[in-house]
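# Notes for the structure review
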Amino acid sequence: MKMPTLKTISIFTLLFTFSAASAAMTVDMKTVDASGNGQSIGTVTITPAKCGVMITPNLHNLTPGTHGFHIHQHPSCADNAMAAGGHLDPKKTDQHDGPYDSKGHLGDLPILVVEQDGTATHPTLAPRLEMSAFKDHALMIHKNGDNYSDTPEKLGGGGARIACGVITE
Ligand SMILES: [Cu+2]
Ligand SMILES: [Zn+2]
């Protein structure tokens, strides 16, 4: 039996690496401040999945527990991330229903889970989203959790914006 040559293996590796790289999108996340360019807390990588997209955080320096996590409308984190506007909502539903309900904001992502050491690395699936939905918007992490509802508090109760990343790809 003839073994594959080193050259053949290299070509396959190159093709695979290239297609994987072009399919993923990595967003730099920064703490929120007036300039919109705070301290780095790591990255969030978005990759296409069979159903929706996978969201893989590689974050640190966050407070342990759950945090509201969304795509916000505008590609800016200036003015303590208020420049990013509200949750991405192309169908103008004006409803915060979370990532698993088809009625509300398209930008509602699965909550971000932060470990006791302040890191978040657990990947989640966002079934309603496509890669193209992220382009020219911002990713936002909130101080509090998200109950995927407008009650008892609007927008899941996430409160203040604590970290933000502009999606330019
Ligand atoms: Cu948000
Ligand atoms: Zn929302």
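Because the structure is predicted, anything quoted here is derived from the model rather than measured.

Right, let's get into the nonpolar core. Met-29, Cys-77, Ala-138, Leu-139, Met-140, Ala-163 and Cys-164 are the most contacted members of the largest nonpolar core, which totals 34 residues. Those elements that place two or more of their residues in this core are strand 1 (25-31), strand 2 (40-48), strand 3 (53-59), strand 5 (69-72), strand 6 (112-114), strand 8 (137-142) and strand 9 (161-167). When residues in this core are grouped by element, the largest group, 5 residues, is from strand 9. Those residues in contact with Met-29, other than ones at most four positions away along the chain, are Ile-41, Gly-42, Thr-43, Val-44, Leu-59, Leu-139, Ala-163 and Gly-165.

In this fold, Leu-59 is placed in strand 3. By the C-beta count within 10 Å, which is 20 here, Leu-59 ends up buried. Separated by 30 residues in sequence, Leu-59 and Met-29 have C-alpha atoms that sit 8.1 Å apart. Other than its neighbours up to four places away in sequence, Leu-59 contacts Met-29, Ile-41, Gly-42, Thr-119 and Ala-120.

Within the secondary structure, Val-53 sits in strand 3. Using a count of 21 C-beta atoms within 10 Å as the deciding quantity, one classes Val-53 as buried. Setting aside residues no more than four positions away along its own chain, Val-53 makes contact with Ile-46, Thr-47, Pro-48, Ala-126, Leu-129, Glu-130 and Met-131.

A word on unusual backbone geometry. The omega angle of the peptide bond from Thr-151 to Pro-152 is 0°, so this bond is cis rather than trans. By secondary structure assignment, the location of Pro-152 is in the loop between strand 8 and strand 9. Unusually for a residue other than glycine, Asn-61 sits at a positive phi of about 65°. Along the chain, Asn-61 turns up in the loop between strand 3 and strand 4 (65-67). Using a count of 13 C-beta atoms within 10 Å as the deciding quantity, one classes Asn-61 as partly exposed. A positive phi angle, near 55°, is found at Asp-79, a position not held by glycine.

Rules used in this analysis
Residues numbered from 1 in each chain as written. Chains lettered and ligands numbered in written order. Predicted model: local features only at pLDDT ≥ 70, side-chain atom pairs only at ≥ 80, totals over all residues. Core = buried A, V, L, I, M, F, W, Y, C linked by C-beta atoms within 7 Å. Buried ≥ 20, exposed ≤ 12 C-beta atoms within 10 Å, placed from the backbone. Helix = DSSP H or I, 4+ residues; strand = E, 2+ residues; numbered from the N terminus. Contact = placed C-beta atoms within 7 Å.

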